[in-house]
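This is what each chain is made of:
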Protein chains: 2
Amino acid sequence: MDAEIVTIGDEIITGHITDTNSAYMARQLTAIGVNVRYKTSVGDSLVDMEEAFRLALKRSSLVIATGGLGPTDDDITKRAIVKVFKRNLIFHEEVLEEIKARYTRRGIQMPGINQNQALLPQGAKFFPNKHGSAVGICIAEQGRIFIALPGVPREMQQILTDEVIPYVKSLKINRHTHAVNLHTTGIIEAKLAELIAPGLKLEAGVKLAYLPSYSGVHLRIIVISDNAQEAEEKARKLVAHLESVCGKYIYGRHDDTLEGVVGQLLIDNDQTVSVAESCTGGQLGMLVTSVPGSSSYFLGGVIAYSNDVKIDKLKVPANIIKTHGAVSEECAIAMAQGCRKMFESSYALSVTGIAGPDGGTEDKPVGTVFIGLASAHAARAKKFVFGSDREVNRTRAVFAAIEMLRREILDIK
Amino acid sequence: MDAEIVTIGDEIITGHITDTNSAYMARQLTAIGVNVRYKTSVGDSLVDMEEAFRLALKRSSLVIATGGLGPTDDDITKRAIVKVFKRNLIFHEEVLEEIKARYTRRGIQMPGINQNQALLPQGAKFFPNKHGSAVGICIAEQGRIFIALPGVPREMQQILTDEVIPYVKSLKINRHTHAVNLHTTGIIEAKLAELIAPGLKLEAGVKLAYLPSYSGVHLRIIVISDNAQEAEEKARKLVAHLESVCGKYIYGRHDDTLEGVVGQLLIDNDQTVSVAESCTGGQLGMLVTSVPGSSSYFLGGVIAYSNDVKIDKLKVPANIIKTHGAVSEECAIAMAQGCRKMFESSYALSVTGIAGPDGGTEDKPVGTVFIGLASAHAARAKKFVFGSDREVNRTRAVFAAIEMLRREILDIK
């Protein structure tokens, strides 16, 4: 079954917000064997929306739209739907009651404007919305299924997961998709391709994609086949090849994250970690604690943004900063050591660098970052030179720090 | 001038990555008066890509594609381009030399696979890539302009800003767009609409959109007109109306961020801040320090994830945690006070809560967060009950904390 996703809103078309909904929807649909062929975004224009809906219904048998179901005047998706399907909007008392009840539970009186949201296309099926007042709309006609969901990510996600996916699964789908994600780190895309390409002949229906990110290069294997077992077997063979040629760079699979993998290693070894951050300002702690349950191995951290804090709280000797500077191997090591002592953790990670845009020198240009690691046995630091973008430098530094810990725990050189 | 953005890659169509490029491109294009009408995403399929290019060229006079210009086998954008425009790929020695030189500067020998990237469509104009080996491609034919850029965000952004935007500006554009963004916080979308809607009649060519986000609701005003002055005047009138009915919720305009606005307030008042974070694990510090130059007012922070750290480092009295729990108004106040003392800052912010997915109780469900603020004059805490999503709860808490500081500094009740 082919599908098209249509995301709606001037804020998307003008780039005011980044459309994250379509990626979420595509992942869920791909996982149940739906072939997402196109994604389209249109603004809050009735004409453009109608054209997009008509085209999508022409080229795909499943169309899922998001956005424009809110109560305000710029929410016109329903008007486009009734034009395309030549239907009327009908007032639904029971939907209004549900919206009113939601407001009452929150102790707020329903604003009158929400009345609009009880007007829904005639003959449509509705999907309840647990987190908001815009219900999902589903119209099946002439072998085509059209679904409209609200644009608020949390609401869209709930309706998609609880209602749309089970509904689509209940329809007959013939093609089987088997997807495997392998996550690598510490090697650039072109080098990885040079390890992988020789001797590799992709079987029919098998696709391999290289997806660079700040945490490393992800390898995405997709196999499409009429036979589920065959799809799985073809994927298995390719994974075996990849593991044989670049296994040491692979840290995880599927939804594994570097921070999650390292967290599990710490749990397995009954170890703990703490962090001392200068230029990343808390981002390393944030990433470590983004893992539910991280409180079992993450003890705490110090955001040592100023030199005074490095000296006073982390006990970095003042003469290290004087002699080598705060952005130095020596300072990174002393920060990690001081942090480990302060929190009495098995490991401590430290980050000190020049994130930019200012503060670079000839010796230490913007993007220079030292990452330190202290354990019971030793302390060391590694120098990285990233790029010129503040946000990217901070993000790369944070992943490099976690990777340094992974290699330490697994004793990978 | 109408434009369409086409983003390419199986990783986008399957939702493996979120397409951030199209939003960036749309912002840049909208800012110079280009009307982005559609955005389309296709996978690494020659047939689908050709269809998407042909359709885009039919409905818009400017088409910008990103992705699929890399060296590996899944990068087939150039093949689609030469099919659509019926041209050949030509080997460009000078482009290869430039790619080799880039590798040499990094101290790496060019992998052989990068040779592909010197094959470019006949008769195309090239845009140099400062950060990578894939050059931008531009074909002008029959009043249509087709541009292909690499998919790596940093590379796309550099070529777009340095080459494409000046090029597009050099063409004649008749319609003028005037956009104004107002950022509000502390009020939900429907309530905001009820303040704004009465007495509001939008003039011709004027659009107003409500864009809810975790930091608040953004108001986006777009005016399209044949006359630049008229567009500006219409926008000015609408902004004046918005300020008169909901001015106290507006914290900034255009690219203003809550963290940037508060940073500037601290600079203006010659004040400093420090943070004590439990459930946000460093995210508050990260957000505060995401502002370049934040070192002039951000002193540091403690990630007090465990109770021991709260007691030992932040000097939270153990009996407060025993009596009221670590997630309590009392604990948030004590954390902020301890933090302010530790860093000797003008203000200290603290966050303690239950981010989820586990740890909730009947009294304190997942999403319960206390935010504390200490100053020279007083210390207090505010309770929030967010939702069930860990990431969302942490993000909302961080913005609520910064907003609390903004209101404190500006003495807004």
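Residues numbered from 1 in each chain as written. Chains lettered and ligands numbered in written order. Predicted model: local features only at pLDDT ≥ 70, side-chain atom pairs only at ≥ 80, totals over all residues. Heavy atoms only, no water.

(A) Representation of the overall build of chain A. Looking only at helices and strands, chain A has 14 helices and 17 strands in total. Here chain A holds 413 residues, and 58% of them are scored as buried. For chain A, the computed accessible surface area is about 17,000 Å², with 49% contributed by carbon and sulfur atoms. In chain A, 47 side chains carry a positive charge and 47 a negative one; their mean positions are 3 Å apart. (Helix = DSSP H or I, 4+ residues; strand = E, 2+ residues; numbered from the N terminus. Buried < 20%, exposed > 50% of the residue type's maximum accessible area, 1.4 Å probe, protein only. Areas by Shrake-Rupley, 256 points an atom, 1.4 Å probe, with all protein chains shown as cover. Lys, Arg positive; Asp, Glu negative; His and termini not counted. Charge placed at Lys NZ, Arg CZ, Asp CG, Glu CD.)

(B) Highlighting the relation of the copies chain B and chain A. For the match of chain B to chain A, the screw axis carries a shift of 0.0 Å, the RMSD comes to 0.0 Å, and the turn is 180 degrees. Accordingly, the operation relating the two chain copies is best matched by a two-fold axis. By residue overlap, the copies meet face to face through one surface: 100% of the interface positions of chain B are interface positions in chain A. (Least-squares fit on C-alpha atoms with pLDDT ≥ 70 in both. Contact = heavy atoms within 4.5 Å.)

(C) How the structure looks around helix H6 (residues 153-169) of chain A. All names here are of chain A. Taken as a whole, H6 carries its principal kink of about 45 degrees at Leu 160. Those residues of H6 that sit buried are Glu 155, Met 156, Gln 158, Ile 159, Leu 160, Val 164, Ile 165, Tyr 167 and Val 168. Against helix H2 (21-31), strand S3 (62-66), strand S6 (125-127), strand S7 (136-141) and strand S8 (144-149) lie the buried residues of H6. (Bend = angle between axes of the 7 residues up to and from the residue.)

(D) Structural detail: the environment of Glu 233 of chain A. All names here are of chain A. Here Glu 233 is to be found in helix H8 (residues 228-246). Judged by relative accessible area, which is 37%, Glu 233 ranks as partly exposed. Within the local environment of Glu 233, its side chain forms a polar contact with the side chain of Arg 236, the two groups lying 3.0 Å apart. (Polar contact = N/O pair within 3.5 Å; in protein donor to acceptor, adjacent residues only side chain to side chain.)

(E) Main features of the state of the cysteines. Using the criterion set out here, one finds zero disulfides over all chains in the structure. Here Cys 339 of chain A stays free of any disulfide, with the sulfur of Cys 331 of chain A as its closest cysteine sulfur at 12 Å. (Disulfide = S-S within 2.5 Å.)

(F) Fine view of a nonpolar patch on the surface. Residues and elements named next belong to chain A. Together, Leu 89, Phe 91 and Leu 119 make up an exposed nonpolar region whose accessible area comes to about 220 Å². With respect to the helices and strands, Phe 91 occurs in strand S4 (residues 89-91). By relative accessible area, Phe 91 is classed as partly exposed at 38%. (Patch = residues over 30% accessible without salt bridge, like charges linked within 9 Å, V, L, I, M, F, W, Y side chains within 5 Å. Salt bridge = Lys/Arg side-chain N within 4 Å of Asp/Glu carboxyl O.)

(G) Highlighting the nonpolar core. In terms of nonpolar packing, the biggest core is built from 70 residues, with Leu 284 and Leu 405 of chain A together with Leu 284 and Leu 405 of chain B touching the most fellow members. With residues up to four places along the chain from it excluded, the contact list for Leu 405 of chain B reads Val 262, Leu 266, Val 273, Tyr 347, Leu 349 and Leu 373 of chain B. Formed by 34 residues, the second largest nonpolar core is a distinct cluster that contains Leu 299, Val 316, Cys 331 and Ala 348 of chain B. (Core = buried A, V, L, I, M, F, W, Y, C linked by side-chain atoms within 4.5 Å.)

(H) Seen up close, unusual backbone geometry. Of note, the amide linkage connecting Gly 356 of chain A to Pro 357 of chain A takes the cis form, showing an omega dihedral of 5 degrees. With respect to the element layout, Pro 357 of chain A can be found in the loop between strand S15 (347-353) and strand S16 (368-374). Of note, the phi angle at Lys 86 of chain B is positive, near 50 degrees, even though the residue is not glycine. Summarising the element assignment, Lys 86 of chain B is placed in the loop between helix H4 (77-85) and strand S4 (89-91). Of note, the phi angle at Asp 411 of chain B is positive, near 55 degrees, even though the residue is not glycine. By the element assignment, Asp 411 of chain B lies in the segment after helix H14 (390-410).

(I) Inspection of the domain arrangement of chain A at higher detail. When cut into domains, chain A gives domain 1 (2-169), domain 2 (176-253) and domain 3 (258-410). Look at where the C-alpha atoms of domain 1 of chain A and domain 2 of chain A centre, and you get two points 34 Å apart. (Domains from an automatic or database assignment.)

(J) Geometry of the packing of aromatic side chains. A full pass over the atoms with the stated rule returns ten aromatic pairs over all chains. Pairing Phe 53 of chain A with Phe 146 of chain A gives two aromatic rings, centres 4.8 Å apart and planes at 65 degrees, and the pair type is edge-to-face. Of the two residues, Phe 53 of chain A sits in helix H3 (residues 46-59) while Phe 146 of chain A sits in strand S8, which places them 93 residues apart along the sequence. For Phe 146 of chain A, a relative accessible area of 0% corresponds to the buried category. Centroid distance Tyr 305 of chain A to Phe 298 of chain B: 5.4 Å. Interplanar angle 75 degrees. Geometry classified as edge-to-face. Here Phe 298 of chain B lies in strand S14 (residues 298-303) and Tyr 305 of chain A lies in the loop between strand S14 (298-303) and helix H11 (307-312), a pairing that spans two chains. Residue Tyr 305 of chain A shares its accessibility class with Phe 298 of chain B, and that shared class is buried. Through successive ring pairs, a cluster of aromatic residues spans Phe 53, Phe 85 and Phe 146 of chain A. (Phe/Tyr/Trp six-rings, centres within 6.5 Å; stacked < 30°, edge-to-face > 60°.)

(K) How the structure looks around the packing of helix H2 (residues 21-31) of chain B against helix H6 (residues 153-170) of chain B. Residues and elements named next belong to chain B. Packing of H2 against H6 leaves a shortest axis separation of 11 Å and a crossing angle of 15 degrees. One way to sum up the angle between H2 and H6 is to call them roughly parallel. Pair H2 / H6 crosses with right-handed handedness. Contacts between H2 and H6 pair Asn 21, Tyr 24, Met 25, Gln 28 and Leu 29 from the former with Pro 153, Met 156, Gln 157, Leu 160, Thr 161 and Ile 165 from the latter. When grouped by side-chain class, the residues that make up the contact of H2 with H6 number seven nonpolar, four polar and no charged. (Axes fitted to C-alpha atoms, helices over the stretch in contact; angles between N-to-C directions. Parallel < 35°, antiparallel > 145°, perpendicular 65-115°, else oblique. Left-handed = near helix turned anticlockwise from the far one by under 90°. Nonpolar A, V, L, I, M, F, W, Y, C, P; charged D, E, K, R; others polar.)

(L) Broad picture of the interface of chain B and chain A. Counting residues at the interface gives 86 residues for chain B and 86 residues for chain A. Both sides of the chain B and chain A interface together cover about 6,800 Å² of buried area, and 58% of this is carbon and sulfur. Run the count over chain B and chain A and you get six salt bridges. Its salt-bridge partner being Arg 37 of chain A, residue Asp 48 of chain B comes within 2.4 Å of it at the nearest N-O pair. Along the contact surface separating chain B from chain A lie 35 residue pairs in polar contact (both at pLDDT 80 or more). Considering only residue class, the side of chain B that touches chain A consists of 35 nonpolar, 29 polar and 22 charged. Both strand S2 (residues 35-42) of chain A and strand S2 (residues 35-42) of chain B contribute to a ladder of five bridges, which runs antiparallel. Across the sheet, residue Tyr 38 of chain A finds its bridge partner in S2 of chain B, namely Val 42 of chain B. (Buried area = accessible area lost by both parts, 1.4 Å probe. Pairing = 2+ DSSP bridges.)

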